Amino acid sequence: MGAKIEITEDTMTVKLSGDIDHHTAGEIRRYIDERVQIMKPGVLKMDFADVPFMDSSGIGLILGRVRLMKIWNGRVVLMNISESISRMAKMAGVFNFATVERKINEQVKGRSGK
């Protein structure tokens, strides 16, 4: 599977890897959701450093986690997204709901950014 979870304090970081498409997104979603529902973190960070390709299934993966995190007043932070993924996410309006962390100490805040 293309996801590994790290937990620190009130933050869950999911390190994604490989292509995210209709073949892989469902399994990744289930893996993340099971752990989020147990931990109920304040912040869910999704690290895309090792994701070379993502289609619209990846956008659905992100937006679904945004909806899930809102249940506990949590937020989603996207990390290390490539230019191509960034363009797709921008067109889909993802940045209205999630914060983008480009580099350490540099953030582009969406509406839900705190």
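Residues numbered from 1 in each chain as written. Predicted model: local features only at pLDDT ≥ 70, side-chain atom pairs only at ≥ 80, totals over all residues. Heavy atoms only, no water.

1. A look at the pairing of strand E1 (residues 3–8)
Every other side chain in a regular strand lies on the same face of the sheet, so the side chains alternate between the two faces. Quick note on the threshold: In this scheme, strands are said to pair when DSSP sees at least two bridges between them. Per the convention used, a helix needs a DSSP run of H or I reaching at least four residues, while a strand needs a run of E reaching at least two, with both numbered from the N terminus.
Direction of pairing for E1 relative to strand E2 (residues 11–17): antiparallel, over a ladder of six bridges. The residue bridging Glu6 from the neighbouring strand is Thr13, located in E2. In textbook terms, the turn of a hairpin is the stretch between consecutive antiparallel strands, and for E1 and E2 this stretch comprises two residues, one of which, Glu9, has a positive phi near 45°.

2. Details of the confidence of the model for the protein chain
Cut-off, in case you're wondering: pLDDT expresses, on a scale from 0 to 100, how confident the predictor is about each individual residue. Whether two residues are in contact is decided by their heavy atoms, any of which lying within 4.5 Å being enough.
Residues at a pLDDT of 70 or more form 89% of the protein chain, whose mean pLDDT is 90. Mean pLDDT in the protein chain bottoms out at strand E6 (residues 106–108), which sits at 48, and peaks at E2, which reaches 98. A low-confidence stretch, residues 104–108 (pLDDT under 50), is modelled with eight contacts involving residues beyond four sequence positions or located in other chains.

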